Structures are given as structure tokens and as C-alpha cells.
Amino acid sequence: MYYHIVPSRSRLDFRTRKFGFRGSRGKKHISDSTVTNYDKNLITKIRQRFAQSNLLNKLRWSHYTNGSKSTKDAGPAICNNCNAVIQGRIVTALNKKWHPEHFACNTCRKPIDGSKFHQHDGGVVCVPCYAQHYSPRCHGCGEPITDRVIQALGVSWHSNHFVCGGCRKELGGGGFMEQAGRPYCSSCYAEKFAARCASCSKPIVDKAIIALNAKWHGACFTCKKCRNPVTDSTFSVLDNMPLCGKCA
Ligand SMILES: [Zn+2]
Ligand SMILES: [Zn+2]
Ligand SMILES: [Zn+2]
Ligand SMILES: [Zn+2]
Ligand SMILES: [Zn+2]
Ligand SMILES: [Zn+2]
């Protein structure tokens, strides 16, 4: 079964309410302090499945020996393909018996060689043909995927090819964040796309204070004079920087 992961919400959720002067006192407001700038909950979990594992069938090789009654295959076996008696090696597969040369791949027509095969559209397909023609293809490298399939961004990937668009690290474990159709780990996503603090310029990955037409870390929104964080909901302004109640 395929799952398509489609981001359902925008990654950055800013409140855009304007904060103006209040009355004649020239004070400004800090925005709603619960505003979310970067939401860790928007990480998309990766879906995985295993290619083919439940489609892979086994065949059994045995040997018919005249007069032998000790094996299950004792007695003349009839080939399901040509209806002739099988002398010598017998392939048992799909609850039927076959000449080895008559148990052949639907696609390349070669006898199935080895102990495993696939069924596809009611026919028998050898393992290499199945990988080549019927396996999911990796969106990263274009090659067939025969083991773990990562399903993300609506396509399939080899687990080692579903990597962060920033640091190229494998994204298998913790999920990813998406921007413009590319996956990123949470730290690269924050580095590239989260809002920057107007004071320290670092990305804001938690609550942002929105004030003075900018976004700030709570700890970085400090009084221009005493350098203490401004936590009151109203504050004064000096040179486009906040002043706390004591210093105003
Ligand atoms: Zn036959
Ligand atoms: Zn084949
Ligand atoms: Zn790949
Ligand atoms: Zn990264
Ligand atoms: Zn900061
Ligand atoms: Zn102050």
C-alpha cells in the first residue's frame, strides 16, 4: 500500500496583527506571547514499507529416482507446463511440479534460477526482472528499490537517498520538514527557513516575540538601558529598541 505524505499546513505560522501606539502615552505592545514561529509538531513522519517481501515465493528443487519411495516426490511427476513425465530434476512451485526448463520467467523467458521468484499478473517473474520492471523506483537515483522503501513527498526513495536538502544526512529516523518540495532535517530547516531574531540573528525555533515590526527570542528582547528582558505587555521605545517600565 502506498501512502502519500502531503503537508497540510504551512510551516510558518505568523500572526500578522499590527501593534500601534496606544493612546497618547507612546507605548507599544508586545504581541500575544503564545504566537508560534516554528512548530516542531509540523515534522512529517516518514512512512516505510518493505518492497516485495510478501510477494516473494519459494520454489523447491528435488530429484525423481525410479523406485524411490522415501521422498515425497516418489512416483512419476507430470510437468504442469508440458504435461510430460519429469525425469531427473523437478521444480516444485505454486503447488505444482515442473521441468526446470519449463518453469520460466514471464518477462525474460529464462528458466527460474535459484530458489525465489515473484508472481505478477498471474505469471511467474524472476527476481532480477521483477526488480527491473516492477519494483518502485527511487526518486533520488532512479534505480529500483528492492528492500526498504521510504515513502515521502508523494514518491518512493531508497532509505540512503532520502536525505536532508541541507546537510545531506539520512532522514530515516526522526521525520523531516518540507520546503518547496524538498525535505530537510529540523535543524537545517530552522537554519534556512525559520524567522531570525532581530537582536542575535539566530533562528527562532520556539516562541517568538513579535514587536517593533520584527521577531525576537524572548531572552533577546531586552531593555536598551538595563539589558533586562522586557516582559511587560507594553513598553516604551528608544531608537527603535524597547525600554522597560523602570527605565522609561
Ligand atoms: Zn515440462
Ligand atoms: Zn526474468
Ligand atoms: Zn536511490
Ligand atoms: Zn540537515
Ligand atoms: Zn535572539
Ligand atoms: Zn530597563
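In this text the structure is predicted, and so the values were computed from the model without any measurement. (Residues numbered from 1 in each chain as written. Chains lettered and ligands numbered in written order. Predicted model: local features only at pLDDT ≥ 70, side-chain atom pairs only at ≥ 80, totals over all residues. Heavy atoms only, no water.)

Moving on, we get to the coordination of the zinc ion (ligand 5). For the zinc ion (ligand 5), the protein coordination sphere consists of Cys197 (SG), Cys200 (SG), His217 (ND1) and Cys220 (SG), at 2.1 to 2.4 Å. Angles of 99 to 118 degrees at the metal separate the four donor atoms of the zinc ion (ligand 5), which places the site in the tetrahedral class. Read from N- to C-terminus, the donor residues coordinating the zinc ion (ligand 5) fall into the pattern C-x2-C-x16-H-x2-C. (Donors = N, O, S within 2.8 Å, 3.2 Å for Na, K, Ca; no water. Tetrahedral: all angles 85-135°; square planar, octahedral: opposite > 155°, others 65-115°.)

A complete count under the given rule lists one salt bridge for this structure. The shortest N-O distance in the salt bridge between arginine 196 and glutamate 191 comes to 3.4 Å. (Salt bridge = Lys/Arg side-chain N within 4 Å of Asp/Glu carboxyl O.)

What the three strands build is an open sheet, ordered β3-β9-β10; its pairing is antiparallel. Each end of this open sheet is capped by a strand with a single partner; those strands are β3 (56-58) and β10 (123-125). Along the sheet, successive strands turn relative to each other by an average axial angle of 45 degrees, direction set aside. Strand direction decides the pairing type here: β3 and strand β9 (residues 116-120), joined by three bridges, are antiparallel. Paired with leucine 56 across the two strands is histidine 118, which belongs to β9. On top of the sheet, helix α1 (residues 127-134) reaches β3, β9 and β10; it is set at about 40 degrees to β9, its chief contact. (Pairing = 2+ DSSP bridges. Helix = DSSP H or I, 4+ residues; strand = E, 2+ residues; numbered from the N terminus. Axes fitted to C-alpha atoms, helices over the stretch in contact; angles between N-to-C directions. Contact = heavy atoms within 4.5 Å.)

Residues at a pLDDT of 70 or more form 77% of the protein, whose mean pLDDT is 78. Ranking the helices and strands of the protein by mean pLDDT puts strand β8 (residues 96-98) first, with 93, and strand β1 (residues 28-29) last, with 66. Confidence drops under pLDDT 50 across residues 1-25; counting only partners more than four residues distant or on other chains, this segment forms 55 contacts. Within the model, the stretch residues 32-36 combines pLDDT values under 50 with 13 contacts to residues more than four positions away or in other chains. (pLDDT = per-residue confidence, 0-100.)

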